Amino acid sequence: MTDFPPELSDRLDDFALRLLALERELAALRQLTQEAPAGAPRVSPPPIVPPEPVMVAPRPVPPPPPRHVTPPPLPPRVRREFDWSVFLGAKALAWAGGAVTLLGIVFFFVLAVNRGWIGPTTRVLLGSIASAAVFGAGVYVKRRFEDLYVSALAAVGAGIAGAYMTLLAAKVLYDLVPDWAALAIAVVIAGVGVAIALAWSSELIAGLGLIGATLAPAAIGVQTGTGELTTAGTGFAALVFAGTAVVAVRAQWGKLLVVGIAASLPQVVVLLGQAEPTEWNVVATAAFFWLLYLGAAIAWQDRLDSGALASLPASLVLLSGVFGGLASAAQFDGQREGWALLAVAALYGVAAGFLFPAKRHRDLSALLAAVGLAVAAFALADLFSGPTLAIAWAAEAAVLSWLARRIVELRYQLAALVYLALALAHAAVLDAPPTQLYEAGDKPAQGVLALLGVALAAAIFAWYSRPWEKPRPVGGIFALFEPILAEFRASQAMWRSIAGWVGSVLALYAASLGVLGLAQWLSDGSVTNAFAWGHVVVVGLWGLVALGLLAAGARLSRPELRFGGLVGLGAVLIEVFFFDSSELSGNPRGFAFLVAAGALLVGALLDRLSVRDELSLFAAAGSALASVGFGVASLFQLIENGRTENAALLGLAALYGLIAAVLLRPDRDLSSLLWAPALVVAGYASYELLDGNWLVLAWAGAAAGLAVLARLVAEPRFEVASFAYLVLAVGQALFRGAPPGDFFQASRHPESGVPSLLFAIGAMVVFAVILRSETAEPGAGPSPYDEIASALASRRPLWRRVAESTAAVLCVYAISLTILGISETVGSASVTTSFERGHSAVSAFWGLLGLLVLYAGLKRGLTWLRLLGFSLFALALAKLFLYDLAYLSSITRALSFLAVGAVLLIAGFFVQKLGTERDARPA
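Residues numbered from 1 in each chain as written. Predicted model: local features only at pLDDT ≥ 70, side-chain atom pairs only at ≥ 80, totals over all residues. Heavy atoms only, no water.

A closer look at the overall build of the protein
Move 1: Within the protein, the secondary structure is distributed over 33 helices and zero strands.
Move 2: When the 923 residues of the protein are sorted by exposure, 42% land in the buried category.
Move 3: For the protein, the proportion of contacts with a sequence separation of at least 24, taken over those separated by at least 6, is 73%.
Move 4: Put simply, the protein shows about 48,800 Å² of open surface, and 68% of that area lies on carbon and sulfur atoms. (Helix = DSSP H or I, 4+ residues; strand = E, 2+ residues; numbered from the N terminus. Buried < 20%, exposed > 50% of the residue type's maximum accessible area, 1.4 Å probe, protein only. Contact = heavy atoms within 4.5 Å. Areas by Shrake-Rupley, 256 points an atom, 1.4 Å probe, with all protein chains shown as cover.)

Let's talk about the pattern of salt bridges
Opposite charge on two side chains permits pairing when their charged atoms draw close.
Move 1: Following the criterion strictly, the structure yields eleven salt bridges and no others.
Move 2: Salt-bridge contacts for Arg608 lead to Asp669; the nearest nitrogen and oxygen are separated by 3.6 Å. Here Arg608, found in helix H21 (residues 586-610), pairs with Asp669, found in helix H24 (residues 668-689); they are 61 residues apart in sequence, far enough to count as distant.
Move 3: Across the salt bridge formed by Glu715 and Arg717, the nearest N and O atoms sit 2.9 Å from each other. Taken individually, Glu715 and Arg717 each receive the classification buried, so the pair is uniform in this respect.
Move 4: Taken together, the salt bridges that share partners define one network made up of Arg608, Arg612, Asp667, Arg668, Asp669, Glu715 and Arg717. (Salt bridge = Lys/Arg side-chain N within 4 Å of Asp/Glu carboxyl O.)

A look at the confidence of the model for the protein
Move 1: Scored by pLDDT, the protein comes out at a mean of 78, with 78% of its residues at no less than 70.
Move 2: Across residues 48-58, confidence stays below pLDDT 50; counting only partners more than four residues off in sequence or on other chains, it has 15 contacts.
Move 3: Long-range and interchain partners of residues 80-89, a stretch whose pLDDT sits below 50, account for three contacts in this model, where long-range means more than four residues apart. (pLDDT = per-residue confidence, 0-100.)

Thoughts on the nonpolar core
Move 1: Counting 125 residues, the largest nonpolar core has Leu257, Phe323 and Leu368 as the members making the most contacts within it.
Move 2: Here this core gets eleven residues from one element, more than from any other, and that element is helix H13 (residues 362-383).
Move 3: If near-sequence neighbours (up to four positions away) are discounted, Phe323 is found in contact with Leu265, Val268, Leu272, Ala286, Phe289, Trp290 and Tyr293.
Move 4: Listed in part, the 71 residues of the second largest apolar core include Trp675, Phe718, Leu757 and Ala876. (Core = buried A, V, L, I, M, F, W, Y, C linked by side-chain atoms within 4.5 Å.)

A word on the packing of aromatic side chains
Move 1: What the rule picks out here adds up to 15 aromatic pairs.
Move 2: Their ring planes at 15° and their centres at 5.7 Å tell us that Phe593 and Phe630 sit as a pair that is stacked. Taken together, the residues Phe593 in helix H21 and Phe630 in helix H22 (residues 614-638) connect sequence positions 37 residues apart. Exposure class is identical for Phe593 and Phe630. Each is buried.
Move 3: Measuring from ring centre to ring centre gives 6.3 Å for Tyr687 and Trp699, while their planes differ by 10°; the resulting arrangement is stacked. (Phe/Tyr/Trp six-rings, centres within 6.5 Å; stacked < 30°, edge-to-face > 60°.)

A word on unusual backbone geometry
Move 1: Here the phi dihedral of Gln252 falls at roughly 60°; this positive angle occurs in a residue that is not glycine.
Move 2: A positive phi angle is found at Ala714, which is not glycine, with a value near 55°.
Move 3: Residue Ala714 is classed as partly exposed on the basis of its relative accessible area, which comes to 27%.

Let's talk about the side chain of Ser465
Move 1: Assignment of secondary structure puts Ser465 in the loop between helix H16 (448-463) and helix H17 (482-490).
Move 2: Of the polar contacts made by the side chain of Ser465, one reaches the backbone oxygen of Phe461; its length is 2.7 Å.
Move 3: When sequence neighbours within four positions are dropped, the list of residues in contact with Ser465 reads Arg405, Gln413, Gln492 and Arg496. (Polar contact = N/O pair within 3.5 Å; in protein donor to acceptor, adjacent residues only side chain to side chain.)

Brief notes about helix H31 (residues 831-860)
Move 1: Given a rise of 1.5 Å per residue, 30 residues ought to cover 44 Å, and the 42 Å separating the end C-alpha atoms of H31 matches this to within 8%.
Move 2: Just downstream of H31 lies Gly861, where phi reads positive at about 70°. (Expected span 1.5 Å × (residues − 1).)

Side note on a nonpolar patch on the surface
Move 1: A grouping of Leu573, Ile574, Phe577 and Phe578 is seen on the molecular surface, where their side chains present a nonpolar patch of about 420 Å² in accessible area.
Move 2: Inspection of the secondary structure puts Phe578 in helix H20 (residues 559-583).
Move 3: Given the relative accessible area of 57%, Phe578 is considered exposed. (Patch = residues over 30% accessible without salt bridge, like charges linked within 9 Å, V, L, I, M, F, W, Y side chains within 5 Å.)

Quick notes on the environment of Asp613
Move 1: Inspection of the secondary structure assignment puts Asp613 in the loop between H21 and H22.
Move 2: Residue classification places Asp613 among the partly exposed positions, given a relative accessible area of 29%.
Move 3: Within the structure, the side chain of Asp613 is placed 3.1 Å from the side chain of Arg562, a separation counted as a polar contact.

Spelled out as C-alpha cells, the structure:
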C-alpha cells in the first residue's frame, strides 16, 4: 500500500470536502432552473457528510536515488496557431474605420484649401461640426447599443482627432484663434479625450484620439507643402502627449505610451533641426517635451508600486537624458550650452534626491543620478577647460565617494570611479602628459594642480573603499547588472589598493614636475641646464620615496608597501639607465649616477635585512650590482684625472667591502652580493694604478688574504674570490712579469720577473694550505652562492693538488730564470754567451731535480714521485734535443749533454740499487 506524508493526506481530505460542496451546489442550481410542478415539494439537498479519513499505513523511506540520473526529456513545444481574427474582426474594422474617417477629414480640408471652395472660417466651422458629429455619434452608439462599443469607440476617437486638427488649422493655417484661446481649447479637447478614455477603459480611444492628435501638426505641415513644423503645432503635440501619458500611466497601457513617444519625438527633433540657435520658444517647447518624458518615466515607475525598476521607465529616463543633452547642444553653444546641460543635470539630481528616501524608488533614484552625473560631466567639459576640468571631475568623484557611504548606496561609488577615471585620463593625457617630464621646456610644472586634484580624489576614494554591509536584493532592469555590482562590492580591497597607488603615483609625478619647475625658476642659466639638474633631484626624490616605502613596509609588515618600494627602486634604475645616461651630460649625469647608486645600495640593505626570501635576494642582487655600476660610472664622469679616478675606485671598493664585512654574520648572502662586485672594482683599479711586480704583489696578497679570511670566518665563498685573484696573479706573473720569452731569448736581467713568480707562488702555497684545512661548509640551500661554495668544497682535494703542482712548476721556472740571471751577472762574457752557459746550468738543474725526486720516490715507495722524476728527466731530454741542440753553442751544448747524461747514469744506479734492496726486503 502506498504511503503518503501526513501533510499531503490532510490536504487531500480538505480538497475532497471542497469538491463535494461544489457538487452539491451545482445540483441545487440545476434543480432550481428546472420547471417543477405546482405544489410539488421542494427537495432539499442532502446534507454534506464529510468522508471518513483514509488511514494510510506508513511506508519505509526509499533509498536515495543514484548520483547520476538522466533528466527526463523536455516536452515537445506546442505550435501556436496565429489568430487571424485580429485582422478580420469587428475591432479591426473599427480601427480601420476610425483611421479612414480621420484621414477623410484631413483630406477634405486639404482639398478645400487647394480648390478654394470655402473660406477659412467656414472650413474651420465645418471641421468642428464634422468632428462633433462623429464624436456625438460614437457617444450615442455607446449608450444606446452597448454591444456595438467597438465602433462607438472608433467614432469617438476619430472625432477627438478631428477636433484637434480643426483647432490646428484654425490656429496654424488661418490664425483665427489667438494663442491663449488655442491653448485653452486644446486643453479642453485633451481633457475630454482623457476623461472618455479613462471612463470607458478604452485604449482604442486613446490610440485614435490622442495619438492621431499628436500626429496632426506633422500631417498638416506635410500636406500644406511647407514641410516645416511650427512651435505652436509642436506645442499642441506636447499637450496631446501629456494627455496620452496621463491615460497610459493611469491605465498601465505601455504600448500607448511608447506609441505616443514615437509620434511626438520626431516632431520636436525636426523642430530643433529647423530652428536657429537660442530661439526661446523652441527652447521652451523642447524643455516641455523633456519634462514630459522624464515625468512619464517617474510616474510609470511609481504606478507600479515596486522596488524593481522596470525596463520601460528606465528606457524613458535614458531617453530623456539623451534628449535633454542633445536639445541643449542644438539650441546653445559655448558656455551657454554648458550651463544648460548643468541645469538639466541639476534637475536629475534633485529628482534623485527627492525619490531616494523611499526604498521602492532607490533603483529609479540611482538611475536618475547616473544620468544626471553623465550630463554633468559634459556640462563641466563645456564650462571648463584644461586643469580646471580635471579638478572639477575629481571633485565630483570625491563627493560621490563620500555620498555613497553616507547614504549606503554602492552605485554612487561606481559613478565616483567613472568620474575618477575621466579626471585621471584628462590630467595624465592632456594637462600633464608623461612627455612633459622628459622634455625641457619653459613651464615644466604646468598641469601640476590637475594631478594633485586627481591624487586627492583618489585618496578620498581609497579611504571610502571599505567592505559593504549585506547587499539588499535588487530586481527589474538592475538585476542584469547585479553580477557586476556584486563583483565590485566584493573587490573593495582591490579598488582601495588601486586608488591608493594611483593617487600616490600622481602625487609623485606632480612633485617631480614641481621640482623641474622650481629648478627652472631658480636657475639663471639655460633651460637645458636647469632641466638636467632638476632631473638629478627627481632621481633623489624617487629614491627617497622608494626607501620610505620599504621602511614602512618593514615596520608595518605590509607586503604591498614593500612591493611599491621595490617598484620605486626599479623606476630609479630605469630612469637613470635609459634617460639620464643618454640625455644628460657632464656633472648632472655623474651626480645622477651617484644618487642612484646610493638609493639602490640603501634599498638593497633595507629590504634584505627586513625580509629573508627569494624576492629580497633577487632584488638585493640586482640593486647591488646596479649600485656598483652606477657608482663606478659616476666616478668616471665626475673625476677626470686618471690616478685620482682609480684611487676613488679603490675607495668605492673599500666602502662596499666594509659594508660587506659588517653584514657578514647577519646575512652572508647579502655580504657576498656586496664584496663580490667590490673585489672586481678593486681588481680593475689596482690594474690601472700598479704595474709589474707591484701589481702581482697586490693580486697575490689579495688572493692569500681572501684564502685566510675564508678559513677564519668559515666562508667557503671567499675561496672562490681567492682563486679568481690567484689566477689573475699567476697570469700577470707569467705573461707580463716573467713571460716564457725571457727563458728562451737572450736578454739582460731575465730574472727581473722572478719576484712576480715568487709572489704568485706564495699565494698559491697559502691557497693550498687553506684547502688542506677543514673549512665549515654551508648547508644546502636555495642560494646559488651556497651551491658554488659547496661544489668548491667537494672538489677541494683536486684543487689542492692543482695548486701544489702549479706552485711546484712555478718554483722550477723561477729557479731556472734565477740561474740564467746569475750566469749573466757572474760571467764576464757577452749576454748571449752568458745566457747559453746559464742554459747548460739549467739543463743540469732539471736533471738533478729529476734525480732527487726519483730518489725520494724510490726511497719512500711513492709511485707518483717516481713518475714525476721520470717526467723531469723527459723534460730535460726534450730541452736538450729541442732547444740546446739547436740554439746553444758547441761548448755549452756539450756541457748540457754531459751534465744531463751524468745525472741519468746516477739515476740508473739508484734505481737498480734501491730496486734490489726493495726486492730483497721481506714482504
